[in-house]
Amino acid sequence: MKIAVLGAGAWGTALASALAAQHRVTLWGRDEVLVSSMAQTHYNSAYLPNARLHPQLRFSEHFDKVLAEHSSANDLIIIATPLSALRSISHKIADAGIEASLVWLCKGVERGTLALPHQIMADVFGADAPVGALSGPSFAAEVAQHLPCALVLASSHERLNMGFVQQLNQSTLRIYHSTDVIGVEIGGALKNVLAIAAGVCDGLELGSNARAALITRGIAEMMRLGLALGAQPTTLSGLTGVGDLILTATGNLSRNRRVGLALGAGRSIADITAHLGHVAEGALCAHAMAALAAQHGVDMPITKAVCAVLDGLSPADAVQQLLTREASSEN
(Lines give C-alpha, C1' and ligand atoms only; values in the text may rest on other atoms or scores of the structure.)
Protein backbone atom coordinates (compact mmCIF):
# COMPACT_ATOMS: atom_id res chain seq x y z
CA MET A 1 0.00 0.00 0.00
CA LYS A 2 1.16 3.54 -0.74
CA ILE A 3 1.02 5.78 2.33
CA ALA A 4 1.76 9.48 2.70
CA VAL A 5 2.38 10.89 6.17
CA LEU A 6 1.87 14.65 6.30
CA GLY A 7 3.88 16.13 9.15
CA ALA A 8 7.45 15.37 10.16
CA GLY A 9 7.15 15.87 13.90
CA ALA A 10 8.03 13.11 16.34
CA TRP A 11 4.85 11.04 16.02
CA GLY A 12 4.45 11.42 12.26
CA THR A 13 8.09 10.49 11.69
CA ALA A 14 7.99 7.51 14.05
CA LEU A 15 4.81 6.09 12.53
CA ALA A 16 6.06 6.64 8.98
CA SER A 17 9.27 4.78 9.81
CA ALA A 18 7.39 1.88 11.39
CA LEU A 19 4.98 1.53 8.46
CA ALA A 20 7.84 1.69 5.94
CA ALA A 21 8.83 -1.82 6.99
CA GLN A 22 5.89 -3.20 4.98
CA HIS A 23 4.58 -0.35 2.80
CA ARG A 24 5.78 2.33 0.43
CA VAL A 25 5.72 5.35 2.71
CA THR A 26 6.54 8.99 1.94
CA LEU A 27 7.02 11.45 4.80
CA TRP A 28 6.21 15.07 3.96
CA GLY A 29 7.52 17.99 6.02
CA ARG A 30 7.28 21.72 5.46
CA ASP A 31 10.83 22.37 6.73
CA GLU A 32 13.00 21.88 3.63
CA VAL A 33 16.21 21.82 5.66
CA LEU A 34 14.92 19.11 7.99
CA VAL A 35 13.53 17.03 5.12
CA SER A 36 16.83 17.26 3.24
CA SER A 37 18.70 16.23 6.38
CA MET A 38 16.43 13.23 6.93
CA ALA A 39 16.86 12.13 3.32
CA GLN A 40 20.64 12.21 3.69
CA THR A 41 21.05 10.79 7.20
CA HIS A 42 17.78 8.93 7.94
CA TYR A 43 17.62 10.67 11.30
CA ASN A 44 15.11 13.32 12.35
CA SER A 45 17.57 15.53 14.19
CA ALA A 46 14.86 17.91 15.44
CA TYR A 47 12.44 15.42 17.00
CA LEU A 48 13.93 11.91 17.11
CA PRO A 49 17.71 12.40 17.08
CA ASN A 50 18.50 8.96 18.55
CA ALA A 51 16.35 6.79 16.26
CA ARG A 52 17.56 5.70 12.84
CA LEU A 53 14.63 5.76 10.42
CA HIS A 54 13.73 2.82 8.20
CA PRO A 55 16.00 2.69 5.12
CA GLN A 56 13.00 2.38 2.77
CA LEU A 57 11.26 5.52 4.08
CA ARG A 58 10.97 8.26 1.44
CA PHE A 59 11.00 12.00 2.11
CA SER A 60 9.54 15.04 0.35
CA GLU A 61 8.93 18.73 0.97
CA HIS A 62 6.69 19.04 -2.11
CA PHE A 63 3.12 18.92 -0.80
CA ASP A 64 1.28 18.94 -4.14
CA LYS A 65 3.53 16.24 -5.56
CA VAL A 66 2.96 13.97 -2.54
CA LEU A 67 -0.81 14.37 -2.89
CA ALA A 68 -0.67 13.62 -6.60
CA GLU A 69 1.28 10.42 -5.94
CA HIS A 70 -1.23 9.24 -3.30
CA SER A 71 -4.55 10.10 -4.93
CA SER A 72 -6.19 6.73 -5.62
CA ALA A 73 -8.78 4.93 -3.51
CA ASN A 74 -6.19 2.29 -2.60
CA ASP A 75 -3.84 4.85 -1.06
CA LEU A 76 -3.78 6.20 2.48
CA ILE A 77 -2.91 9.69 3.66
CA ILE A 78 -2.10 10.12 7.36
CA ILE A 79 -2.36 13.68 8.69
CA ALA A 80 0.23 14.10 11.44
CA THR A 81 -0.04 17.85 11.98
CA PRO A 82 -1.18 19.50 15.23
CA LEU A 83 -4.95 19.89 15.63
CA SER A 84 -4.64 23.63 15.00
CA ALA A 85 -3.53 22.87 11.42
CA LEU A 86 -6.02 20.06 10.68
CA ARG A 87 -8.69 22.26 9.10
CA SER A 88 -6.30 24.19 6.84
CA ILE A 89 -4.40 21.15 5.58
CA SER A 90 -7.68 19.29 5.03
CA HIS A 91 -8.92 22.10 2.79
CA LYS A 92 -5.73 21.78 0.73
CA ILE A 93 -6.29 18.04 0.38
CA ALA A 94 -9.94 18.59 -0.57
CA ASP A 95 -8.94 21.13 -3.21
CA ALA A 96 -6.68 18.49 -4.79
CA GLY A 97 -9.70 16.25 -5.38
CA ILE A 98 -8.00 13.02 -4.35
CA GLU A 99 -9.80 9.74 -3.60
CA ALA A 100 -7.40 8.37 -0.97
CA SER A 101 -8.58 7.49 2.52
CA LEU A 102 -7.59 9.95 5.24
CA VAL A 103 -6.53 9.25 8.82
CA TRP A 104 -5.57 11.83 11.43
CA LEU A 105 -3.27 11.47 14.44
CA CYS A 106 -3.95 14.77 16.23
CA LYS A 107 -5.87 14.88 19.50
CA GLY A 108 -7.87 17.63 21.14
CA VAL A 109 -10.72 20.08 20.63
CA GLU A 110 -10.57 22.99 18.20
CA ARG A 111 -10.52 26.25 20.10
CA GLY A 112 -13.37 28.58 19.26
CA THR A 113 -15.57 26.04 17.50
CA LEU A 114 -15.14 23.29 20.15
CA ALA A 115 -15.12 20.84 17.24
CA LEU A 116 -13.60 17.38 17.57
CA PRO A 117 -11.35 16.28 14.69
CA HIS A 118 -14.05 14.17 13.01
CA GLN A 119 -16.34 17.19 12.96
CA ILE A 120 -13.64 19.25 11.26
CA MET A 121 -13.20 16.52 8.66
CA ALA A 122 -16.97 16.33 8.09
CA ASP A 123 -17.08 20.10 7.56
CA VAL A 124 -14.39 19.82 4.89
CA PHE A 125 -15.07 16.47 3.18
CA GLY A 126 -18.68 15.67 4.05
CA ALA A 127 -20.14 13.06 6.38
CA ASP A 128 -19.54 10.03 4.12
CA ALA A 129 -15.86 10.53 3.28
CA PRO A 130 -13.41 7.65 3.94
CA VAL A 131 -11.77 9.16 7.03
CA GLY A 132 -10.81 7.93 10.48
CA ALA A 133 -8.79 8.51 13.65
CA LEU A 134 -5.68 6.56 14.62
CA SER A 135 -4.96 6.74 18.33
CA GLY A 136 -3.72 4.81 21.33
CA PRO A 137 -0.99 4.66 23.99
CA SER A 138 2.13 5.47 22.02
CA PHE A 139 5.36 7.32 22.71
CA ALA A 140 6.97 8.26 19.41
CA ALA A 141 10.47 7.47 20.63
CA GLU A 142 9.51 3.87 21.41
CA VAL A 143 7.67 3.35 18.11
CA ALA A 144 10.72 4.71 16.27
CA GLN A 145 12.82 2.07 18.04
CA HIS A 146 10.41 -0.63 16.77
CA LEU A 147 9.18 -1.51 20.26
CA PRO A 148 5.68 -3.09 20.46
CA CYS A 149 2.71 -0.76 20.35
CA ALA A 150 -1.09 -1.18 20.02
CA LEU A 151 -3.32 1.42 18.36
CA VAL A 152 -6.95 1.77 17.32
CA LEU A 153 -8.18 2.88 13.90
CA ALA A 154 -11.66 4.32 14.36
CA SER A 155 -13.92 4.91 11.39
CA SER A 156 -17.50 4.35 10.30
CA HIS A 157 -16.50 4.02 6.64
CA GLU A 158 -16.37 0.55 5.10
CA ARG A 159 -13.10 1.22 3.27
CA LEU A 160 -11.29 1.88 6.55
CA ASN A 161 -12.73 -1.13 8.33
CA MET A 162 -10.90 -4.43 8.64
CA GLY A 163 -9.28 -4.31 5.19
CA PHE A 164 -7.05 -1.35 5.99
CA VAL A 165 -6.57 -2.51 9.56
CA GLN A 166 -5.22 -5.86 8.37
CA GLN A 167 -2.84 -4.15 5.95
CA LEU A 168 -1.47 -1.81 8.63
CA ASN A 169 -1.11 -4.52 11.26
CA GLN A 170 2.46 -5.80 11.66
CA SER A 171 4.73 -7.53 14.14
CA THR A 172 5.53 -4.51 16.35
CA LEU A 173 2.47 -2.40 15.52
CA ARG A 174 -0.85 -4.02 16.40
CA ILE A 175 -3.88 -2.17 15.00
CA TYR A 176 -7.41 -2.73 16.29
CA HIS A 177 -10.56 -1.42 14.62
CA SER A 178 -13.45 0.54 16.10
CA THR A 179 -16.48 2.40 14.80
CA ASP A 180 -16.61 4.61 17.91
CA VAL A 181 -14.79 7.67 16.57
CA ILE A 182 -16.15 9.95 19.32
CA GLY A 183 -14.95 7.65 22.10
CA VAL A 184 -11.48 7.41 20.58
CA GLU A 185 -11.27 11.18 20.21
CA ILE A 186 -12.53 12.02 23.71
CA GLY A 187 -10.10 9.59 25.31
CA GLY A 188 -7.19 10.92 23.28
CA ALA A 189 -7.99 14.56 24.00
CA LEU A 190 -8.84 14.39 27.70
CA LYS A 191 -5.96 12.11 28.71
CA ASN A 192 -3.54 14.94 27.90
CA VAL A 193 -5.30 17.31 30.29
CA LEU A 194 -5.45 14.64 33.00
CA ALA A 195 -1.76 13.85 32.49
CA ILE A 196 -0.95 17.47 33.37
CA ALA A 197 -2.97 17.03 36.56
CA ALA A 198 -1.07 13.84 37.39
CA GLY A 199 2.20 15.64 36.78
CA VAL A 200 1.16 18.44 39.12
CA CYS A 201 0.31 15.83 41.75
CA ASP A 202 3.78 14.30 41.48
CA GLY A 203 5.45 17.71 41.26
CA LEU A 204 3.88 18.59 44.60
CA GLU A 205 5.11 15.22 45.97
CA LEU A 206 1.62 14.23 47.13
CA GLY A 207 2.41 10.54 46.91
CA SER A 208 1.25 7.42 45.09
CA ASN A 209 -2.14 7.35 46.83
CA ALA A 210 -3.00 10.80 45.55
CA ARG A 211 -1.85 9.97 42.03
CA ALA A 212 -3.99 6.81 41.95
CA ALA A 213 -7.01 8.74 43.21
CA LEU A 214 -6.50 11.51 40.66
CA ILE A 215 -6.14 9.14 37.71
CA THR A 216 -9.20 7.16 38.77
CA ARG A 217 -11.34 10.25 39.21
CA GLY A 218 -9.97 11.49 35.89
CA ILE A 219 -11.31 8.32 34.28
CA ALA A 220 -14.71 9.17 35.79
CA GLU A 221 -14.56 12.58 34.08
CA MET A 222 -13.61 10.91 30.80
CA MET A 223 -16.56 8.54 31.11
CA ARG A 224 -19.04 11.31 31.94
CA LEU A 225 -18.04 13.50 29.01
CA GLY A 226 -17.71 10.61 26.59
CA LEU A 227 -21.13 9.19 27.40
CA ALA A 228 -22.71 12.65 27.12
CA LEU A 229 -21.31 12.92 23.59
CA GLY A 230 -22.38 9.43 22.55
CA ALA A 231 -19.19 7.43 23.12
CA GLN A 232 -19.21 3.76 24.10
CA PRO A 233 -18.00 2.87 27.63
CA THR A 234 -15.89 0.00 26.28
CA THR A 235 -13.94 2.42 24.09
CA LEU A 236 -13.21 4.75 27.00
CA SER A 237 -12.02 1.82 29.13
CA GLY A 238 -9.84 0.51 26.30
CA LEU A 239 -6.58 1.44 24.61
CA THR A 240 -7.55 4.95 23.50
CA GLY A 241 -9.08 5.91 26.84
CA VAL A 242 -7.74 4.34 30.03
CA GLY A 243 -4.76 2.81 28.23
CA ASP A 244 -3.58 6.11 26.77
CA LEU A 245 -4.23 7.89 30.08
CA ILE A 246 -2.12 5.41 32.05
CA LEU A 247 0.78 5.88 29.64
CA THR A 248 0.59 9.66 29.45
CA ALA A 249 -0.04 10.24 33.15
CA THR A 250 2.79 8.01 34.39
CA GLY A 251 5.39 7.72 31.60
CA ASN A 252 8.50 9.86 31.79
CA LEU A 253 8.43 10.48 28.02
CA SER A 254 5.09 12.30 28.31
CA ARG A 255 5.28 16.01 27.47
CA ASN A 256 1.99 16.66 29.27
CA ARG A 257 3.22 14.96 32.42
CA ARG A 258 6.42 17.04 32.26
CA VAL A 259 4.35 20.21 32.01
CA GLY A 260 2.44 19.16 35.13
CA LEU A 261 5.64 18.33 37.01
CA ALA A 262 7.01 21.77 36.21
CA LEU A 263 3.77 23.49 37.23
CA GLY A 264 3.83 21.56 40.50
CA ALA A 265 7.38 22.76 41.07
CA GLY A 266 6.17 26.35 40.86
CA ARG A 267 7.11 27.30 37.29
CA SER A 268 4.75 29.29 35.06
CA ILE A 269 3.32 27.92 31.83
CA ALA A 270 5.15 30.66 29.91
CA ASP A 271 8.49 29.54 31.36
CA ILE A 272 7.67 25.89 30.72
CA THR A 273 6.72 26.60 27.11
CA ALA A 274 9.93 28.51 26.53
CA HIS A 275 11.95 25.60 27.90
CA LEU A 276 10.10 22.89 25.94
CA GLY A 277 10.01 24.92 22.73
CA HIS A 278 6.30 24.14 22.31
CA VAL A 279 3.18 23.70 24.43
CA ALA A 280 1.97 20.19 25.20
CA GLU A 281 -1.43 19.25 23.78
CA GLY A 282 -3.14 19.22 27.17
CA ALA A 283 -2.27 22.84 27.85
CA LEU A 284 -3.57 23.83 24.42
CA CYS A 285 -6.94 22.15 24.72
CA ALA A 286 -7.71 22.22 28.47
CA HIS A 287 -9.98 25.27 28.28
CA ALA A 288 -11.72 23.95 25.18
CA MET A 289 -12.36 20.63 26.94
CA ALA A 290 -13.81 22.48 29.93
CA ALA A 291 -16.00 24.58 27.64
CA LEU A 292 -17.20 21.46 25.80
CA ALA A 293 -18.07 19.83 29.12
CA ALA A 294 -19.96 22.92 30.27
CA GLN A 295 -21.84 22.98 26.98
CA HIS A 296 -23.12 19.47 27.72
CA GLY A 297 -23.68 20.00 31.45
CA VAL A 298 -20.90 17.63 32.51
CA ASP A 299 -19.07 18.23 35.80
CA MET A 300 -15.28 17.96 35.36
CA PRO A 301 -13.56 19.36 38.46
CA ILE A 302 -10.06 18.04 37.63
CA THR A 303 -10.18 19.55 34.15
CA LYS A 304 -11.33 22.87 35.59
CA ALA A 305 -8.53 22.73 38.17
CA VAL A 306 -5.95 22.27 35.39
CA CYS A 307 -7.41 25.30 33.61
CA ALA A 308 -7.18 27.33 36.82
CA VAL A 309 -3.51 26.39 37.32
CA LEU A 310 -2.72 27.26 33.70
CA ASP A 311 -4.39 30.62 34.36
CA GLY A 312 -2.18 31.28 37.38
CA LEU A 313 -3.78 29.64 40.43
CA SER A 314 -1.16 27.98 42.60
CA PRO A 315 -1.16 24.17 42.25
CA ALA A 316 -1.43 23.78 46.04
CA ASP A 317 -4.58 25.92 46.10
CA ALA A 318 -6.06 23.95 43.21
CA VAL A 319 -5.47 20.68 45.07
CA GLN A 320 -7.03 22.13 48.22
CA GLN A 321 -10.12 23.15 46.26
CA LEU A 322 -10.47 19.61 44.89
CA LEU A 323 -10.04 18.02 48.31
CA THR A 324 -12.58 20.28 49.99
CA ARG A 325 -15.38 19.74 47.47
CA GLU A 326 -18.65 18.50 48.96
CA ALA A 327 -18.66 14.76 49.59
CA SER A 328 -20.64 12.69 47.08
CA SER A 329 -21.23 9.16 45.77
CA GLU A 330 -18.33 7.73 43.78
CA ASN A 331 -20.59 6.84 40.87
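None of these values were measured; they are calculated from a predicted model.

Caption draft 1: The arrangement of the pairing of strand β4 (residues 48–52) in detail. Pairing of strand β3 (residues 43–44) with β4 involves two bridges; the strand directions are antiparallel. Note that in β4 the partner of Y43 across the bridge is R52. As consecutive antiparallel partners, β3 and β4 are separated by three residues.

Caption draft 2: Looking closely at the sheet that holds strand β2 (residues 24–28). With mixed pairing, eight strands are arranged side by side in an open sheet as β5-β2-β1-β6-β7-β8-β9-β10. The open sheet has two edge strands, β5 (58–60) and β10 (173–178), and neither has a second partner. In this sheet, adjacent strand axes meet at a mean angle of 25 degrees when their direction is disregarded. Here strand β9 (residues 149–154) pairs with β10 via six bridges, running parallel. From the neighbouring strand, L151 faces β10, where its bridge partner is I175. Helix-sheet contacts for helix α1 (residues 10–19) involve β1 (2–6), β2, β6 (76–79), β8 (131–135), β9 and β10, and the interaxial angle to β2 is about 165 degrees.

Caption draft 3: Representation of the UniProt feature "binding site: NADPH" (unreviewed entry) in the chain in the model. UniProt's feature table lists "binding site: NADPH" (unreviewed entry) at W11, R30, Y47, K107, A140, R255, V279 and E281, given in the numbering used throughout. Here W11 lies in helix α1. Sequence-distant contacts of W11, defined by excluding residues within four places in its chain, comprise L105, S138, A140, V143 and L151. Turning to its location among the elements, Y47 is positioned in the loop between β3 and β4. With relative accessibility at 46%, the residue Y47 sits in the partly exposed group.

Caption draft 4: Quick look at the packing of aromatic side chains. Within the structure shown, the criterion is met by one aromatic pair. When the centroid spacing of 5.1 Å and the interplanar angle of 70 degrees are considered together, the rings of W28 and F63 count as edge-to-face. With W28 in strand β2 and F63 in helix α3 (residues 63–69), this residue pair connects regions lying 35 residues apart in the sequence. Both residues of the pair, W28 and F63, belong to the buried class.

Rules used throughout
- Once a new chain begins, its residue numbering starts again from 1 and follows that chain's sequence as written.
- It should be noted that, the model being predicted, local features are given only for residues of pLDDT at least 70 and side-chain atom pairs only at 80 or more, the latter also being counted only at that level, while totals for whole chains, interfaces and linings use all residues.
- With hydrogens and water stripped out, all remaining heavy atoms of the structure feed into the side-chain values.
- We call two strands paired when DSSP finds no fewer than two bridges between them.
- Segments assigned H or I by DSSP are reported as helices when at least four residues long, segments assigned E as strands when at least two residues long, and all are numbered from the N terminus.
- Geometry is summarised by axes, namely lines fitted to C-alpha atoms with helices restricted to the contacting stretch, and by angles between N-to-C directions that run from 0 to 180 degrees.
- Contacts were defined at the residue level, with two residues in contact if any of their heavy atoms lie within 4.5 Å.
- UniProt positions are given in the numbering used here, feature names are shortened, and annotations may be inferred rather than shown by experiment.
- Under the scheme applied here, a residue whose accessible area is under 20% of the maximum for its type counts as buried, over 50% as exposed, and between as partly exposed, the area being computed with a 1.4 Å probe on protein chains only.
- The aromatic pairing rule takes the rings of Phe, Tyr and Trp, using the six-membered ring of Trp, and pairs them if the centres are within 6.5 Å, calling planes under 30 degrees apart stacked, those over 60 edge-to-face and the rest tilted.

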